Amino acid sequence: MKRLVGFCASPRAAALLLGCIAAVSAYGSLIPHRRAAAVFGSRAFAALCVLLFLHILAGGIASLRRGRREPWFALLRLGALLVLAGAFLGGAAGARGRAQLYPGRETASFTDARGGALEPGFTLRLDRFTVERHPGGRLELGISVPGEEGMALHPVRLGEWTGPDAMRVRPLRYLPDFKIGDGGEVLTKSAQPNNPALEVEVRAGGETERGWLLARFPAFPPLGLGRTLREGRVVFFDRGSERVKSYASEVTIMEGGRPAAAGRIEVNRPLSFGGYRIYQTAYDPVGWQWSGFTCVRDPGLPLVYSGFVLLALGVTLWAGAGEFGP
Amino acid sequence: MDAPLANAALALFSAACVAAVLSMLRRSDALYRLTAALATGGFAALSLGLILRRMEAGHAPLTTFYETLVFLAWASWLLALVLLIPLRMQEPAMLIPFICAACLGYASTLDASIRPLVPALRSNWLLLHVAACFLGYAGLAAGCAAGLGLAVALRRRRPAAQWERSAVRCIRFGFLFLTYGILSGSVWANEAWTTYWGWDPKEIWALLTWLVYFSFLVLRSRRPAERSPRMTVLFSVGGFCAVLFTYFGVSFLLAGLHSYF
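Residues numbered from 1 in each chain as written. Chains lettered and ligands numbered in written order. Predicted model: local features only at pLDDT ≥ 70, side-chain atom pairs only at ≥ 80, totals over all residues. Heavy atoms only, no water.

Attention shifts here to the overall build of chain A. Scanning chain A for helices and strands turns up six helices and 18 strands. The globule rule puts the C-alpha radius of gyration for 326 residues at 20 Å, and the 30 Å found for chain A is more than 25% above it. A principal-axis box enclosing the C-alpha atoms of chain A has dimensions of 95 × 55 × 45 Å. Considering chain A as a whole, with its 326 residues, one finds that 43% of them fall into the buried category. Counting only contacts in chain A whose residues sit at least 6 apart along the sequence, the fraction spanning at least 24 positions is 53%. (Helix = DSSP H or I, 4+ residues; strand = E, 2+ residues; numbered from the N terminus. Rg over C-alpha atoms; globule rule 2.2 N^0.38 Å. Buried < 20%, exposed > 50% of the residue type's maximum accessible area, 1.4 Å probe, protein only. Contact = heavy atoms within 4.5 Å.)

Quick look at the structure:
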């Protein structure tokens, strides 16, 4: 028994365990994410981590008995133990679930990875959801004419004719958020590129027409260009405007039917309430209508963060102060 | 980064490489000083370029492959200025311009345009995490260069103590900042991605890289009897292969959350 304990605390055991964990991790990084999640969530991998925890603990006790005084190594050991303990606690007692909400709607339940329900004991109501996009970066026209393969791209320069002789196109006006008003007039709803549109004049087959191209709806028949685009095709690209700059949800948390807290959740700024953290993790990529949340409870997090602090201190003492001093 | 400044830096580091080769062949102090002066000129151009790009982009210039390569070149010479030159580690210091020129040469083939930030990168952790990681990479790259110099010195039976000391010093510096980079990245991931460790390929390979250097430093500090220059060569070069895979291999070959470049 003594020999077994001795081996468990030995550097050989450390090399064996770390080698196994490294090999499994490397394998997990090379396979598809879903299969990798199964590997890292397996009991065998958890057992390896438990063995590592026991090894570090046994090594620490052995060092104390031998009276070795290396504060940096003690900090590293303790830091690693806290991180592993926090991870075990988070895995055993933690929970996470997802939900999608439209503005004005609420939910008291989040769906976990196995399809079950996580009920945190409060209700989350989405009051307002806003998506801010980067202003349109590059405006381009794709023009294809019969007899020529592919679609040639041309930068949009307002007022200038562009394209092949068989189909000349002149951009006239850009609207970031195209809408047809009640009186049939064309207008922009906002300065945000929600529905970028380009008014163009097209000259083809001896005819000239004016009409609108919508970047979000390239398959939609161009408005007012029925005669000139009978055979060719013109597509408007608003590159960059589809890139989301930020998205945020203004929410109210209800307990017992009454508002208990309110706040704004955005990426990098989760909201904490009742032992849970609510993250902004998704959005409706088509119509920007719904907002996606992930609700997480991780009781091991304080242990993990304490471990991080000790690891940082230990490494600083060890690799830093010892080497970079005078 | 401003193209004329990047080109000027590349030209200065390339000239420093030529001067370094001549300096090593002729063992000339004057050429060593010329190498250091040229590389410091390149460093100044990069510093100005990074400041201007920061002002133009409105965020730390550490979000694209191009930007990180430029920063890596900058950090590498910073490391030489801070760690090697003050201690008169001349020969190892003269290898650093090669790292800088390689980074800038590769960067010159990439798209240098400033790209809009995705929401997850809009955080103060960006500067801390990425700068720490790339300071770490710079140290480990310099450690590998010194390790190669050590291998050559051993093969030619020439004095190798300075090479080994430089390699270990650079690796310690790199390891320290790699640790800060991984820890700060974990804290940031917990704010942005809901968990401090998601088994993302970049995270995994950063951890594996960290374990390689951790093993090396533990072996050196706790088992002095097993210390040997050959071990330093093995770990400095082998560890840097892990760094290269973490930086390039994971980005180009594996899909994951770190696919911003």
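Okay, the interface of chain A and chain B next. On the side of chain B, 40 residues touch chain A, which itself brings 50 residues to the contact. Counting the surface lost from both chain A and chain B, the interface buries some 3,900 Å², and carbon and sulfur atoms represent 64% of this. A salt bridge links Glu191 of chain B to Arg277 of chain A; the shortest N-O distance between them is 3.1 Å. In this structure, the connection of chain A to chain B is made through eleven residue pairs in polar contact (both at pLDDT 80 or more). In terms of residue class, the side of chain A that touches chain B is made up of 27 nonpolar, 13 polar and ten charged. (Buried area = accessible area lost by both parts, 1.4 Å probe. Salt bridge = Lys/Arg side-chain N within 4 Å of Asp/Glu carboxyl O. Polar contact = N/O pair within 3.5 Å; in protein donor to acceptor, adjacent residues only side chain to side chain. Nonpolar A, V, L, I, M, F, W, Y, C, P; charged D, E, K, R; others polar.)

A separate point is the pattern of salt bridges. All names here are of chain A. Following the criterion strictly, the structure yields 13 salt bridges over all chains and no others. Across the salt bridge formed by Arg125 and Asp127, the nearest N and O atoms sit 2.9 Å from each other. Overall, Asp127 belongs to the partly exposed group, its relative accessible area being 36%. Residues Arg128 and Glu250 are paired through a salt bridge, measuring 3.6 Å at the closest nitrogen-oxygen approach. Here Arg128, found in strand S5 (residues 123–133), pairs with Glu250, found in strand S14 (residues 244–255); they are 122 residues apart in sequence, far enough to count as distant. When its relative accessible area of 46% is taken as the criterion, Arg128 is described as partly exposed. By relative accessible area, which is 29% here, Glu250 ends up partly exposed. Three or more residues joined by partner-sharing salt bridges are found here, namely Arg128, Glu250, Arg264, Glu266 and Arg269.

What follows concerns the nonpolar core. Judged by nonpolar contacts, the single largest core of 104 residues is most densely connected at Phe13, Trp77 and Phe175 of chain B. Ranked by the residues each element gives to this core, the list is headed by helix H5 (residues 125–155) of chain B, at 16 residues. Formed by 24 residues, the second largest nonpolar core is a distinct cluster that contains Ala95, Phe110, Leu118 and Leu126 of chain A. (Core = buried A, V, L, I, M, F, W, Y, C linked by side-chain atoms within 4.5 Å.)

This paragraph deals with the domain arrangement of chain B. All names here are of chain B. You can read the domains of chain B as domain 1 (1–110) and domain 2 (124–261). Taking only C-alpha atoms into account, the centre of domain 1 sits 20 Å from that of domain 2. Each partner contributes to the interface: domain 1 provides 26 residues, whereas domain 2 provides 27 residues. Summed over both partners, the interface of domain 1 with domain 2 comes to about 2,400 Å²; 78% of that surface belongs to carbon and sulfur atoms. Counting every contact that joins domain 1 to domain 2 gives four residue pairs in polar contact (both at pLDDT 80 or more). For the side of domain 1 that touches domain 2, the elements supplying multiple residues, two or more each, are helix H3 (65–84) and helix H4 (90–107). It is H3 that contributes the most residues to the side of domain 1 that touches domain 2, eleven residues altogether. For the side of domain 1 that touches domain 2, the per-class residue count stands at 18 nonpolar, five polar and three charged. (Domains from an automatic or database assignment.)

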